[in-house]
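# Geometric and topological summary
These are the residues of each chain, in order.
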Amino acid sequence: PEYLIKSIAEQGYSLETSLADLMDNSISASADKIEVLIDTDSEPFKLFLADNGKGMNEEELRKNMQFPSNSPEDSRLNSDLGRFGLGMKTASFSQTRKFTVISKNKGEKKYNGRTWDVDFLRENGWKIIINSEEEINCLVQQYFQLSKDFLKSFDNYEPNTIVIWEGLYKFEKYLKKENRKDALKREITEVTSDYLALVFHRFMEKGSKPLNIRINNTHVKPFNPFPEEEKDF
């Protein structure tokens, strides 16, 4: 499993395209608020991506954490941006070697959690970690504290699904220690924000329930590359 995961993860993903893949799932789950928060105070860095979509119960979470989680031959809703059921796993493993998804159905209180960890797979084979209630509560508290520490939080916002990347190895392994934090902040606030503003502009410009994306202290503004307001003389 370790070799397979590392192989499928090296498919040309960047940080911004990986996050966009996760946001595809959020949009398919009818989310209109997504936030990406990064804790760089200590290593390994920790990234949280949370949305207020419909969320998943334990059985739905178990299924969606499988490799793959659905057949490409299955029929899909028009709002479903996924295809092979691999995007979230592949995108996450392209940036981290350990990630957790905690989720609950909208309106519920109790989260369920599952973790894929390459180090655990190396020792135990194809086994996923089922998170304890204590582990889940700890991650939820970390997320809420981080969200509070940053500015411009969403009003009346309750996350139903939270993806946690524990360790961003491309920054921590390949950059000098004194450069890692600044490089990651620059990547997330400049390159990633611009990319998401372009990719999701049509969702962010919707008249009804427009998509809102918060990255740390910033609300991403849509960028439409097509000059629709320009008149043809």
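Residues numbered from 1 in each chain as written. Predicted model: local features only at pLDDT ≥ 70, side-chain atom pairs only at ≥ 80, totals over all residues. Heavy atoms only, no water.

### A short note on a positive patch on the surface
Our working definition: For patches, a residue must show more than 30% relative accessible area and have no salt bridge; joins then use 9 Å for like charges and 5 Å for nonpolar side chains, namely Val, Leu, Ile, Met, Phe, Trp and Tyr. Residue-level accessible areas treat just the shown protein chains as cover; the underlying method is Shrake-Rupley with a 1.4 Å probe. One side-chain nitrogen of Lys or Arg within 4 Å of one carboxyl oxygen of Asp or Glu is enough to make a salt bridge. Charge convention: Lys and Arg are scored as positive, Asp and Glu as negative, and His as well as the terminal groups of each chain are ignored. Here the site of a charge means NZ on Lys, CZ on Arg, CG on Asp, or CD on Glu. Exposed residues in this analysis have more than 50% of their type's maximum accessible area, buried residues have under 20%, and partly exposed residues fall in between, with area computed by a 1.4 Å probe over protein chains only.
A cluster of like positive charges, contributed by K106, R202, K206 and K209, occupies part of the molecular surface. Exposure remark for R202: the relative accessible area of 55% places this residue in the exposed category.

### A closer look at unusual backbone geometry
Cut-off, in case you're wondering: Under the scheme used here, helices are H or I runs from DSSP no shorter than 4 residues and strands are E runs no shorter than 2 residues, and both carry numbers assigned from the N terminus.
Residue P44 is reached from E43 by a cis peptide bond, and omega for that bond is 0°. With respect to the secondary-structure elements, P44 resides in the loop between strand 1 (33-39) and strand 2 (46-51). Not every positive phi belongs to a glycine, and K152 is a case in point at roughly 65°. Along the chain, K152 turns up in the loop between helix 6 (133-149) and strand 6 (161-166).

### Details of the pairing of strand 1
Selection rule: Strand pairing is defined by DSSP finding a minimum of two bridges between the two strands.
In terms of burial, strand 1 is largely enclosed, as 6 of its 7 residues are buried. The pairing of strand 1 with strand 7 (residues 212-215) spans 4 bridges and is classified as parallel. When the sheet's bridge partners are listed, I34 is paired in strand 7 with I213. Connecting strand 1 to the antiparallel partner strand 2 that follows it, the hairpin turn spans 6 residues.

### Quick word on the side chain of T161
Applied cut-off: Throughout this description, a polar contact denotes any pair of N or O atoms lying within 3.5 Å of each other; where both atoms belong to protein, one of them has to be capable of donating a hydrogen while the other can accept it, and for residues adjacent in sequence the pair is counted only when both atoms sit in side chains. Note on definitions: a residue-residue contact is assigned when non-hydrogen atoms from the two residues lie within 4.5 Å.
For T161, the position within the fold is in strand 6. Overall, the relative accessible area of 11% leaves T161 in the buried class. Of note is the side chain of T161, whose polar atom sits 2.7 Å from the side chain of S103. Ignoring sequence-local partners within four residues, the contact set of T161 consists of L49, A50, D51, G55, M56, V101, I102 and S103.

### Things to note about the sheet that holds strand 8 (residues 218-219)
We count it as follows: Structural elements are reduced to axes, namely lines fitted to C-alpha atoms, with helices fitted over the stretch in contact, and the angle between N-to-C directions of any two is expressed from 0 to 180 degrees.
If you trace the 8 strands from one edge of the open sheet to the other, you get 5-4-3-6-2-1-7-8, paired in mixed fashion. The sheet is open, and its two edges are formed by strand 5 (129-130) and strand 8, each paired on a single side. Here strand 3 (residues 98-103) pairs with strand 6 via 5 bridges, running antiparallel. Its bridge partner lying in strand 6, T100 is registered against I164. Across the sheet, helix 8 (residues 177-199) touches strand 1 and strand 7, and the angle it forms with strand 7 is around 165°.

### Some points on helix 6
Rules: The length a helix should cover is 1.5 Å for every residue beyond the first. Along the arc lie the directions from the helix axis toward the C-beta atoms.
When the terminal C-alpha atoms of helix 6 are compared, their 24 Å separation across 17 residues agrees well with the 24 Å that a helix rising 1.5 Å per residue should span. Within the span of helix 6, buried status applies to I136, L139, V140, Y143, L146 and S147. With its buried residues spanning 130° around the axis, helix 6 presents them on a single face. Seen from the open side of helix 6, the exposed residues pointing more than 90 degrees away from its buried face are E134, Q141, K148 and D149.

### Here we look at helix 1 (residues 2-9)
Those residues of helix 1 that fall on the buried side of the exposure criterion are E2, I5 and A9. Down the axis of helix 1, the sector holding all buried residues measures 70°, keeping them to one side. Tucked into the core, helix 1 has its buried residues touching helix 4 (87-93) and helix 5 (118-124).

### Let's talk about the packing of helix 2 (residues 15-28) against helix 8
Each pair of packed helices can be summarised by the angle the axes make with each other and by the distance between the axes. For clarity, the cut-off: An angle counts as roughly parallel when it lies under 35 degrees, as roughly antiparallel when it exceeds 145, as roughly perpendicular when it falls between 65 and 115, and as oblique in every other case. Each crossing gets its handedness from the near helix: less than a right angle anticlockwise from the far helix is left-handed, clockwise is right-handed. Note on residue categories: nonpolar means Ala, Val, Leu, Ile, Met, Phe, Trp, Tyr, Cys or Pro, charged means Asp, Glu, Lys or Arg, and polar means any other residue, Gly included.
Taken N-terminus to C-terminus, the directions of helix 2 and helix 8 make an angle of 55°; their axes are 9 Å apart at the nearest point. Here helix 2 lies oblique to helix 8, going by the angle between them. Handedness of the helix 2/helix 8 crossing: right-handed. Between helix 2, through L15, E16, T17, L19, A20 and M23, and helix 8, the contact on the second element is made entirely by L184, E187, I188, V191, T192, Y195 and L196. Of the residues in the contact of helix 2 with helix 8, the class split is 9 nonpolar, 2 polar and 2 charged.

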